[in-house]
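Read off the chains here:
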Amino acid sequence: MKMQPPLYRSLLALLLLCCSCSKKNDNPGPDNGGANRNYGAGVIYYDWANDGILKFKLQNGTISVQRQHTSGDNGWDISLDGTKMLQSIDNPDDYDSEIYMLMNVADGTVVSKFVRQSGYASHTHPLLSPDMQLIAVPPTFDDGLIVLDTKGKILYNLTTYQGKKIEGNVNWMPDKTLVFSIGNNLYRTNSTFTQGTLVKTFSFSEWGYLSVSRDGSKMALAANNHIWMMNADGSNLVQVTSSDNVEIMPLFSPDGKYLLVGTNYRATGPYSHIWNMAVIPADGRRYNVNEGADGNVVPLVKQGGDSPETCDEEMCWR
């Protein structure tokens, strides 16, 4: 995740600017009769039901389809500069493999395409490195943490560390090292993926959905039903959301000043869940994300809409 120029303006500053004619606005949510609201610059991509991967433009609140849903779609990622999309899909000719495609976001043209053995019924969620030269594949039941090039060549396969199996919670750091988890321990690799150092040992019974700010200075995660944030060295771990429900999947804004969070996480079936989307400042303070409880919590509402957008799989902010 390389450092980049400040391409995105402050989300909250623009919200306040839009409301500058008033001395006080206790709730900057969708309270203006459904009129267009300016959320700032940038794009949020997210899955929704059979609509596919949707694209929410923050500047004007409009939604379009980035990629239509098709049977067999698995994981996806968008490059930090927003120009490339990586998608894994089922291979119709081989149940034990997937097809990886690297595409241009602008027109969907395929840059690279290859078949990767992923094991029996494994659905992977590949992650593009900051420079778009490598692909990290989080561990599955069959495989450990795998690093590929964009042509499909396996460069590293990290199955265990210190005799223990590497689990989920994998993410790239700006210097192209990786963070990964084993139980309650979070580790960071070196640049050649041959060694790891302990970042943090958590005391949570369950945690996940690790996110890293683009400059690599902060991390966020979900634990104990809410969102937590800390420095990248594991210091200053603080809870940043509260509610009567469950929050998941925190994602930093490109400038690192805000967090997109999944709120009101709830089940819709035996194996399916959905959540609403909202933005909070990433300043280490705690925000109540119950609907209407805190004016600093901005629900993601489309132009002309009156309720937050809903997601059921993956999100990213570019």
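In this text, all values refer to a predicted model and were calculated from it rather than measured experimentally.

Enquirer: How do you make sense of the overall build of the chain when you look at a structure like this?
Expert: A count of helices and strands for the chain gives 1 helix and 29 strands. In the chain, which comprises 318 residues, the proportion classed as buried is 53%. Within the chain, counting contacts between residues at least 6 apart in sequence, those at least 24 apart form 44% of the total. Counting only carbon and sulfur atoms, one obtains 47% of the accessible surface of the chain, whose full area is about 14,900 Å².

Enquirer: I would appreciate a short explanation of the environment of G152 in the present structure.
Expert: Take G152: it is sitting in the loop between β10 (145-149) and β11 (154-158). Here G152 falls in the partly exposed class, since its relative accessible area comes to 22%. As for G152 and L134, which are separated by 18 residues in sequence, their C-alpha atoms are 9.4 Å apart.

Enquirer: What is the right way to read the pattern of salt bridges from this model?
Expert: Where charged atoms from two side chains of opposite charge approach closely, those side chains can pair. Enumeration according to the criterion identifies 3 salt bridges in this entry. Taking the shortest distance from any N to any O, the salt bridge between R318 and D77 comes out at 3.4 Å. Placement of R318 in the segment after β29 (315-317) and of D77 in strand β4 (residues 73-78) is noted, with a sequence separation of 241 residues between them. We note that R318, like D77, is buried. The residue R188 makes a salt bridge to D175 at a minimum N-O spacing of 3.1 Å. Linking R188 in strand β16 (residues 185-189) with D175 in the loop between β14 (171-172) and β15 (178-182), this pair joins segments that are 13 residues apart in sequence. A relative accessible area of 44% places D175 in the partly exposed class.

Enquirer: I keep staring at the sheet that holds strand β1 (residues 43-48) and nothing clicks. Help me out?
Expert: Working definition: the strands of a sheet are paired by backbone hydrogen bonds and lie parallel or antiparallel to each other. The sheet built from 4 strands is open, its strands ordered β3-β2-β1-β29 with antiparallel pairing. Whereas interior strands pair on both sides, the edge strands pair on one side only; in this sheet they are β3 (62-67) and β29. Averaged over all neighbouring strand pairs, the angle between strand axes comes to 25 degrees, with direction disregarded. Two strands pair when backbone bridges link them, and strand β2 (residues 52-57) and β3 are joined in this way by 5 bridges, in the antiparallel orientation. Paired with F56 across the bridge in β3 is I63.

Enquirer: Help me out: how do you make sense of the pairing of strand β23 (residues 248-252) in this one?
Expert: Two faces make up the sheet, and in a regular strand the side chains alternate between them. In terms of burial, β23 is largely enclosed, as 5 of its 5 residues are buried. Sheet topology note: the β23/strand β24 (residues 258-267) ladder contains 3 bridges and is antiparallel. Across the sheet, residue I248 finds its bridge partner in β24, namely G262. If you look at the hairpin formed by β23 and β24, you'll find 5 residues sitting between the two strands, and G256 has a positive phi there, around 75 degrees.

Enquirer: Would you mind going over the pairing of β1 with me for this structure?
Expert: With 5 of 6 residues buried, β1 lies mostly within the body of the structure. The pairing of β1 with β2 spans 6 bridges and is classified as antiparallel. Its bridge partner being in β2, W48 is matched across the sheet by G52. Strand direction decides the pairing type here: β1 and β29, joined by 3 bridges, are antiparallel. Across the sheet, the residue bridging to Y45 is C316, located in β29.

Enquirer: Looking at this structure, how should I read the confidence of the model for the chain?
Expert: When pLDDT drops low, the exact placement of atoms in the prediction is not to be read closely. Looking at the chain as a whole, its pLDDT mean stands at 88, while 87% of the residues score no less than 70. Every residue in residues 1-37 is under pLDDT 50, and counting partners more than four places away or in other chains gives 72 contacts.

Enquirer: What is the right way to look at the nonpolar core in this model?
Expert: Where a protein is soluble and globular, its nonpolar side chains tend to be buried together. Counting 17 residues, the largest nonpolar core has I44, Y46, L260, W275, M277, M315 and W317 as the members making the most contacts within it. Every residue in contact with I44, bar those within four places of it in the chain, is listed here: L54, K55, F56, L58, L260, L300, C316 and W317.

Enquirer: Explanation requested: the sheet that holds strand β8 (residues 127-128) in the structure shown.
Expert: If you trace the 4 strands from one edge of the open sheet to the other, you get β8-β9-β10-β11, paired in antiparallel fashion. Two strands close off the open sheet at either side, each with one partner strand: β8 and β11. Examined bridge by bridge, β8 and strand β9 (residues 134-137) share 2 bridges and lie antiparallel to one another. Paired with L127 across the two strands is A136, which belongs to β9.

Enquirer: I keep staring at the side chain of N171 and nothing clicks. Help me out?
Expert: With respect to the helices and strands, the residue N171 is situated in strand β14. For N171, a relative accessible area of 12% gives the class buried. For N171, the side chain forms a polar contact with the main-chain oxygen of L210, separated by 3.1 Å.

Enquirer: What's the story with unusual backbone geometry in this structure? I'm lost.
Expert: The phi torsion of most residues other than glycine is negative, and most of the peptide bonds are trans. The residue A49 is not glycine, and still its phi comes out positive at about 45 degrees. Looking at where A49 falls in the secondary structure, it is placed in the loop between β1 and β2. Phi angles above zero are rare outside glycine, and M249 is one such case at about 50 degrees. Its place among the elements puts M249 in strand β23. Classification of M249 by relative accessible area gives buried; the value is 12%.

The rules we used
- Numbering of residues begins from 1 in every chain and follows the order in which that chain's sequence is written.
- Since the coordinates come from a predicted model, pLDDT governs what is reported: local features require at least 70, and pairs of side-chain atoms require 80 or more to be given and counted, while whole-chain, interface and lining totals use all residues.
- As a convention, hydrogens and water are excluded, and side-chain values are obtained from all of the structure's heavy atoms.
- Strands are runs of DSSP state E lasting at least 2 residues, helices are runs of H or I lasting at least 4, and numbering of each runs from the N terminus.
- Only protein chains enter the calculation, and the probe is 1.4 Å; a residue is then buried if its accessible area is under 20% of its type maximum, exposed if over 50%, and partly exposed in between.
- Residue contacts are counted whenever heavy atoms from the two residues lie within 4.5 Å of one another.
- Using the Shrake-Rupley algorithm and a 1.4 Å probe, accessible areas are obtained, with residue cover drawn only from the displayed protein chains.
- We count a salt bridge whenever a side-chain nitrogen from Lys or Arg sits within 4 Å of a carboxyl oxygen from Asp or Glu.
- Being paired, for any two strands, means DSSP has found at least two bridges between them.
- Axis lines are fitted to C-alpha atoms, over the contacting stretch for helices. Their N-to-C directions set the angle, which ranges from 0 to 180 degrees.
- pLDDT: the predictor's confidence for each residue, scored from 0 to 100.
- What is meant by a nonpolar core is a set of buried Ala, Val, Leu, Ile, Met, Phe, Trp, Tyr and Cys residues, joined one to another through side-chain atoms within 4.5 Å.
- Identification of polar contacts relies on pairs of N or O atoms within 3.5 Å, with a donor-acceptor requirement for protein atoms, meaning one able to donate a hydrogen and the other able to accept it, and with residues adjacent in sequence counted only if both atoms are side-chain atoms.

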